[in-house]
Amino acid sequence: MSPAPTAVVTGCTGYVGAELTKQLLAAGWTVRGTVRSDPATSGRVSAFKKSLPAEHLGSLSLHQADLLTAGAFDAVVKGATHVFHVASPFQVQRRLPCAQRLGHLPFPPGGPQV
Ligand SMILES: NC(=O)c1ccc[n+]([C@@H]2O[C@H](COP(=O)([O-])OP(=O)(O)OC[C@H]3O[C@@H](n4cnc5c(N)ncnc54)[C@H](OP(=O)(O)O)[C@@H]3O)[C@@H](O)[C@H]2O)c1
């Protein structure tokens, strides 16, 4: 029998990432979830973990990685069988050029890191 797949889910506490992570864990996968802030102190991470069945926590590891930091995802994707890249700034922008100046750029900077 082949081992359970190991997936990286970027933005695993986001709307899409959280649901995907839950479904992968429920299907028996091992998940390495990435978050932007320190998983040890993030309230969002804490709330997300509380929303998971206790028996799934052992199959989940959390890793800090920012899309705008070169090389931030190198270690976490190493050896994974699948990568689901769903982390992305996703907000209603009234003035995109302004958002770009503030650094809210989903692509191209974020994609190549993953
Ligand atoms: N929601 C929908 O109905 C829907 C439908 C179709 C497609 N999508 C697509 O799915 C993707 C995710 O959407 P979503 O609704 O899940 O958005 P979301 O709830 O805002 O989640 C975005 C995730 O990306 C992370 N993120 C943002 N900037 C980051 C950075 N610089 N480095 C690392 N992580 C970063 C966020 O982390 P933090 O918590 O640290 O901010 C969060 O976990 C988007 O590309 C969106 O277009 C969404």
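Residues numbered from 1 in each chain as written. Predicted model: local features only at pLDDT ≥ 70, side-chain atom pairs only at ≥ 80, totals over all residues. Heavy atoms only, no water.

**Observations regarding the overall build of the chain**
Formally: Here a strand is any run of E in DSSP of at least two residues, a helix any run of H or I of at least four, and the numbering for each starts at the N terminus. A simple rule labels every residue: compare its accessible area, found with a 1.4 Å probe on the protein chains alone, to the largest value its type can have, and call it buried under 20%, exposed over 50%, or partly exposed in between. Throughout, a contact is declared for two residues whenever any of their heavy atoms are within 4.5 Å.
Along the backbone of the chain there are five helices and four strands. Ordered by position from N to C terminus, the α and β elements of the chain give β-α-β-α-β-α-β-α-α. The buried share of the chain, taken over its 114 residues, is 29%. Within the chain, contacts between residues at least 6 apart in sequence are counted, and of these 70% link residues at least 24 apart.

**Describing the sheet that holds strand β4 (residues 82-85)**
Short version of the rule: Paired strands, as defined in this entry, are two strands with at least two bridges between them according to DSSP. Axis definition: a line fitted to C-alpha atoms, limited for helices to the stretch in contact. Angles are taken between N-to-C directions and run from 0 to 180 degrees.
Spatial ordering of the open sheet is given by β3-β2-β1-β4, a layout of four strands whose pairing is parallel. Two strands close off the open sheet at either side, each with one partner strand: β3 (60-64) and β4. The mean inter-strand angle of the sheet, taken between neighbouring strand axes irrespective of direction, is 20 degrees. Pairing of strand β1 (residues 6-10) with strand β2 (residues 30-35), which is carried by five bridges, proceeds in the parallel orientation. Across the sheet, threonine 6 pairs through a bridge with threonine 30, a residue of β2. Strands β1, β2, β3 and β4 of the sheet are contacted by helix α1 (residues 15-26), whose axis makes an angle of about 165 degrees with β1.

**Comments concerning the confidence of the model for the chain**
Worth spelling out the cut-off: The pLDDT value expresses, per residue, how confident the predictor is, ranging between 0 and 100.
In the predicted model, the chain carries a mean pLDDT of 86, and the fraction of residues at 70 or more is 79%. Across residues 101-105 the pLDDT falls below 50, and counting only partners more than four positions away or on other chains, this stretch makes seven contacts in the model.

**Topic: the environment of leucine 62**
Here leucine 62 is to be found in strand β3. Among the residues examined, leucine 62 registers a relative accessible area of 21% and is labelled partly exposed. Expressed as a C-alpha distance, the spacing of leucine 62 and valine 31, which sit 31 residues apart in the sequence, is 8.5 Å. The residues touching leucine 62, leaving out its near neighbours within four places in the chain, are Cys12, Gly33, Pro39, Val45 and Lys49.

**Let's talk about the side chain of arginine 32**
Applicable threshold: His is not counted, nor are the chain ends; Lys and Arg add positive charge and Asp and Glu add negative charge. Take a side-chain nitrogen of Lys or Arg and a carboxyl oxygen of Asp or Glu: if they are within 4 Å of each other, that pair is a salt bridge.
Tracing the sequence through the fold places arginine 32 in strand β2. One buried charge, arginine 32, has no salt-bridge partner; the nearest side chain with opposite charge is aspartate 74, at 12 Å. For arginine 32, the contacting residues outside a window of four places in its chain are Thr6, Ala7, Val8, Val9, Ser61, His63, Val76, Val77, Lys78, Gly79 and Ala80.

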